[in-house]
Amino acid sequence: MAKTDKEFRDVYWVRLLERQSSGVRLQQELHRFESSAGALKKYEELVLENEGKDGQWIVDILFIHDGQFSTIKEKRLWL
């Protein structure tokens, strides 16, 4: 492989975001995984941990493939 070629790996990001009243999403936690099983497990853990918290919280899973981001799952934790 030449030095100019980049090797992209498929990566999953699981994030905990806090939504501000202005609509801005501030990232509070970021976890990186190379397997979907690990990402889904962490997603469920974050949803359960933050479901009753005050504020507007969002938990999501992003799939990154060849530098492109796709949201797989998103849960909004407010009424």
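Residues numbered from 1 in each chain as written. Predicted model: local features only at pLDDT ≥ 70, side-chain atom pairs only at ≥ 80, totals over all residues. Heavy atoms only, no water.

Q: Account for the packing of aromatic side chains, with residues named and values stated.
A: Enumeration over the complete set of coordinates arrives at 2 aromatic pairs. With a centroid separation of 5.0 Å and 40 degrees between ring planes, the pair formed by Y12 and F63 is classed as tilted. Taken together, the residues Y12 in strand 1 (residues 11–19) and F63 in strand 3 (residues 57–65) connect sequence positions 51 residues apart. By relative accessible area, Y12 is classed as buried at 16%. Judged by its relative accessible area of 21%, F63 is partly exposed. On the basis of an interplanar angle of 70 degrees and a centroid distance of 5.4 Å, the ring pair of W13 and F69 is categorised as edge-to-face. One end of the pair, W13, is in strand 1; the other, F69, is in strand 4 (residues 68–77), and 56 residues separate them in sequence. For W13, a relative accessible area of 22% gives the class partly exposed. Above the face of the W57 ring, K53 is positioned so that its terminal group lies 4.5 Å from the ring centre. (Phe/Tyr/Trp six-rings, centres within 6.5 Å; stacked < 30°, edge-to-face > 60°. Helix = DSSP H or I, 4+ residues; strand = E, 2+ residues; numbered from the N terminus. Buried < 20%, exposed > 50% of the residue type's maximum accessible area, 1.4 Å probe, protein only. Lys NZ or Arg CZ within 6 Å of the ring centre and 35° of its normal.)

Q: Let's hear about the pairing of strand 3: which residues, and what values?
A: Buried residues dominate strand 3, accounting for 7 of its 9 residues. Where strand 1 meets strand 3, 8 bridges bridge the pair, whose relative direction is antiparallel. Bridge pairing in strand 3 links L16 to V59. In this structure, strand 3 lies alongside strand 4, joined through 9 bridges in antiparallel fashion. (Pairing = 2+ DSSP bridges.)

Q: Explain unusual backbone geometry to me, and be specific about the residues and the numbers.
A: Although it is not a glycine, D66 sits at a positive phi angle of roughly 50 degrees. Within the secondary structure, D66 sits in the loop between strand 3 and strand 4. Residue classification places D66 among the partly exposed residues on the basis of a relative accessible area of 46%.

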